[in-house]
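Report on the structure
Letter by letter, the chains look like this.
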Amino acid sequence: MIREFGPNEIIFIAMAIRWTIALSAIAFVGGGIGGLIIALMRVSDRPVLRALALGFIRLFQGTPLLMQLFIVYFGLNIVGLPTSPWIAAGVALTLHASAFLGEIWRGCIEAVPPGQTEAANALAYSYGVRMRNVILPQAARIAVAPTTGFLVQLIKGTSLASIIGFTELTRAGQIISNATFQPFLVISTVAVLYFILCWPLSLLARRMERRFARATAR
Amino acid sequence: MRNGLPSHSRNLRFNSMANMNANGKSHPPAQMAQGATAPAIEMIGIDKWFGGFQALKNVNLSVQPSEKIVICGPSGSGKSTLIRCINQLETIQSGEIRIDGKALASDAASIRAARRDIGMVFQQFNLFPHLTILENCMLGPVKVAGKSREEAERIGRSYLERVRIPEQADKYPAQLSGGQQQRVAIARALCMQPKIMLFDEPTSALDPEMVNEVLDTMIDLASDGMTMICVTHEMGFARSVADRVIFMDHGEIIEENAPDAFFEAPKHARTRTFLGQIA
């Protein structure tokens, strides 16, 4: 039976936005924690930690997100965990975001003038105090704009989770498309919804970038 | 010994000068005759390399408690490197550094313990721009010395008072002039109640009209009996405050002497050339 593409169908797709948002939020929070660890490892004094973090970043930057989703999805089965699209998508996107945010934040940490580290060291601050109270607050200001930019990438990236059966915005669109046989109309609707989600964030990122450029200009 | 009285410091000054006259210039003065006190700082045979470049060549230096040392020399002569080795911002390749008779170790806990007694003031101030002046001063006492916030605030305000900018406590560093920022940097270091203060060209980044306010603060500190090593080209300051002036070139201590002798009768040609250039 062929359905019409009517208000009910649009509502069905629009409601799926929450799963896109939920998955983005999980990946962003998880990736935020992982990314901080990776960034701190990348600027560590210990070569082993730096090498491990660099390997992790290279691995995830050098393979497609789709492959990462597949590998986690099928890998869960191999290590004896239940194969769930939720867990697979959450884990894969978290690892993906950890690698990218780790590299972005490493740059932000390194952008804090070295004199700040020297002053903190000369004042006998511990590593924890130096990072938490001196370096990271300054790096965070630099990081806001590029981090928002990456969040946009991440939201768009969640669309790939549809392939492992995660019903988010794209997958909802596919379902409706299969039922209505109006793929162009349906997928266009999905695209518009992504745009509504991402565009304000892009604008925000650009505004913050400009504000930061002005603040640091001399 | 921590904060020697001015009269005491005068004693030490004469002692160290007497030592020097007896011992010549290239060796650190011998242990002081009058007491069991170890030198505040003792550097023995220090070599420091940056890759293939030798920044310090067999440097020997002994500083008595309350002594004021001024180090001068052309840029790249190793004078900043020398004082940065004392609080281990730089690692040395050979030699030994002793603070209060205790040799510096290279594990993180020992490094931090040694740094608690050594304050440092940088050319570029290096205040924390995201913290207010008072917070800059309080962070160390709270997080390193484990003081309560009230106690840390009291300490912070008292040292801001001492560098004569208590009214700026709630501003941010960017709102202050260079001279004021540098005085805050001095107050911030003093809040850790160090026994030794290192100054790395503290007035070189300042506009000329702000140099004196910083020098005055340093003179105050000197008259309180603080052990000080200052890398500076302010020769007026060296004359009035220093117990000894040290001239470095190409990573070596070329000459050291009491300021009068150093400026009136420099022994080495390189010292004379240098003094001629900066006069």
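Small disclaimer: the values here were computed from a predicted structure and weren't measured. (Residues numbered from 1 in each chain as written. Chains lettered and ligands numbered in written order. Predicted model: local features only at pLDDT ≥ 70, side-chain atom pairs only at ≥ 80, totals over all residues. Heavy atoms only, no water.)

1. Structural notes on the overall build of chain B
When you go through chain B residue by residue, the secondary structure sums to 10 helices and 10 strands. Sorting the 279 residues of chain B into buried and exposed places 54% on the buried side. Across chain B, the fraction of contacts at a sequence separation of at least 24, relative to all contacts at a separation of at least 6, is 67%. For chain B, the accessible surface area stands at approximately 11600 Å², while carbon and sulfur atoms represent 49% of it. (Helix = DSSP H or I, 4+ residues; strand = E, 2+ residues; numbered from the N terminus. Buried < 20%, exposed > 50% of the residue type's maximum accessible area, 1.4 Å probe, protein only. Contact = heavy atoms within 4.5 Å. Areas by Shrake-Rupley, 256 points an atom, 1.4 Å probe, with all protein chains shown as cover.)

2. Digging into the overall build of chain A
The helix and strand tally for chain A stands at nine helices and zero strands. The order of α-helices and β-strands along chain A, N terminus first, is α-α-α-α-α-α-α-α-α. When its C-alpha atoms are laid out on the principal axes, chain A stretches across 75 × 45 × 25 Å. Scored against the burial criterion, the 218 residues of chain A give a buried share of 45%. A total of about 11500 Å² of accessible surface is found on chain A, and carbon and sulfur atoms cover 69% of it. Here chain A holds 18 positive side-chain charges and 8 negative ones, and the gap between their average locations is 6 Å. (Lys, Arg positive; Asp, Glu negative; His and termini not counted. Charge placed at Lys NZ, Arg CZ, Asp CG, Glu CD.)

3. Focus: the packing of aromatic side chains
Residues and elements named next belong to chain A. According to the stated counting rule, one finds 10 aromatic pairs over all chains in the structure shown. Centre to centre, the rings of Tyr 73 and Phe 74 are 5.2 Å apart; their planes meet at 70°, and the pair counts as edge-to-face. Here Tyr 73 falls in the buried class, since its relative accessible area comes to 19%. The interplanar angle of 15° and the centroid separation of 5.6 Å between the aromatic rings of Phe 195 and Trp 199 together place this pair among those described as stacked. Residue Phe 195 and its partner Trp 199 are located together in helix α9 (residues 183–216), separated by four residues, close to a single helical turn. An aromatic cluster is defined as three or more aromatic residues linked by ring pairs; in this entry it consists of Trp 19, Trp 86 and Phe 166. (Phe/Tyr/Trp six-rings, centres within 6.5 Å; stacked < 30°, edge-to-face > 60°.)

4. Topic: the nonpolar core
In this structure, Tyr125(A), Ile41(B), Met43(B), Ile71(B), Ile86(B), Phe128(B) and Ile229(B) are the most contacted members of the largest nonpolar core, which totals 80 residues. Not counting residues up to four positions away in its chain, the partners in contact with Ile86(B) are Ile41(B), Met43(B), Ile97(B), Ile99(B), Leu104(B), Ile118(B), Leu198(B) and Ile229(B). Judged by nonpolar contacts, the second largest core, of 49 residues, contains Val121(B), Ala169(B), Met197(B) and Val241(B). (Core = buried A, V, L, I, M, F, W, Y, C linked by side-chain atoms within 4.5 Å.)

5. Structural notes on helix α4 (residues 133–143) of chain B
With eight of 11 residues buried, α4(B) lies mostly within the body of the structure. What α4(B) keeps buried is the set Ile133(B), Leu134(B), Asn136(B), Cys137(B), Met138(B), Leu139(B), Gly140(B) and Pro141(B). For α4(B), the secondary structure elements touched by its buried residues are α7 (127–157) of chain A together with α5 (149–162) and α6 (178–190) of chain B.

6. Notes on the sheet that holds strand β5 (residues 102–103) of chain B
All names here are of chain B. Taken in spatial order, the four strands make up an open sheet running β2-β1-β4-β5, and their pairing is antiparallel. Only two strands of the sheet have a single partner each, and these edge strands are β2 (53–63) and β5. Bridging between strand β1 (residues 41–50) and β2 involves seven bridges; their strand directions are antiparallel. By the bridge assignment for β2, Trp 49 is matched with Gln 54. (Pairing = 2+ DSSP bridges.)

7. Describing the confidence of the model for chain B
Regions with low pLDDT carry predicted coordinates that are not meant to be interpreted in detail. Residue and element names in this part refer to chain B. Within chain B, residue pLDDT values average 88, and 87% of them lie at 70 or more. Taken element by element, chain B is modelled with least confidence in helix α1 (residues 6–23), mean pLDDT 38, and with most confidence in strand β6 (residues 118–121), mean pLDDT 98. The model gives residues 1–34 a pLDDT under 50, and that stretch makes 49 contacts with residues more than four places away or in other chains. Across the assembled chains, the prediction reports ipTM 0.84 with pTM 0.85. (pLDDT = per-residue confidence, 0-100.)

8. Overview of the interface of chain B and chain A
In this assembly, 23 residues from chain B lie in contact with 17 residues from chain A. Scanning the region where chain B abuts chain A turns up one salt bridge. A salt bridge links Glu118(A) to Arg84(B); the nearest nitrogen and oxygen atoms lie 2.6 Å apart. The interface formed by chain B and chain A holds six residue pairs in polar contact (both at pLDDT 80 or more) in total. Those elements giving two or more residues to the side of chain B that touches chain A turn out to be α3 (108–115), β6, α4 and α6 of chain B. With four residues, α4(B) is the largest single contributor of residues to the side of chain B that touches chain A. Partitioned by chemical class, the residues of the side of chain B that touches chain A number 12 nonpolar, five polar and six charged. (Salt bridge = Lys/Arg side-chain N within 4 Å of Asp/Glu carboxyl O. Polar contact = N/O pair within 3.5 Å; in protein donor to acceptor, adjacent residues only side chain to side chain. Nonpolar A, V, L, I, M, F, W, Y, C, P; charged D, E, K, R; others polar.)

9. Quick look at the sheet that holds strand β3 (residues 68–72) of chain B
All names here are of chain B. Spatially, the six strands line up as an open sheet ordered β6-β7-β8-β3-β9-β10, and their pairing is mixed. Every interior strand has two partners, whereas the edge strands, β6 and β10 (252–257), have only one. Across the sheet, the mean angle from the axis of one strand to that of its neighbour is 20°, orientation sign disregarded. In this structure, β3 lies alongside strand β8 (residues 227–231), joined through four bridges in parallel fashion. Considered in β8, the bridge of Ile 69 is made with Ile 229. Sitting on the sheet, helix α2 (residues 79–86) is in contact with β3, β6, β7 (196–200), β8 and β9 (244–249), with an inclination near 150° to β7. (Axes fitted to C-alpha atoms, helices over the stretch in contact; angles between N-to-C directions.)

10. Quick look at a nonpolar patch on the surface
A contiguous nonpolar surface patch, about 420 Å² in accessible area, is contributed by Trp19(A), Ile26(A), Trp86(A), Ile87(A) and Val91(A). For the nonpolar patch, the secondary structure elements donating two or more residues are α2 (17–42) and α5 (85–111) of chain A. (Patch = residues over 30% accessible without salt bridge, like charges linked within 9 Å, V, L, I, M, F, W, Y side chains within 5 Å.)

11. A closer look at unusual backbone geometry
Residues and elements named next belong to chain B. Of note in this structure, Asn 58 is not a glycine but carries a positive phi near 45°. Counting through the fold element by element, Asn 58 comes out in strand β2. The backbone phi angle of Ser 66 is positive, close to 70°, even though this residue is not glycine. Turning to its location among the elements, Ser 66 is positioned in the loop between β2 and β3. On the basis of relative accessibility, which here comes to 2%, the residue Ser 66 falls in the buried class.

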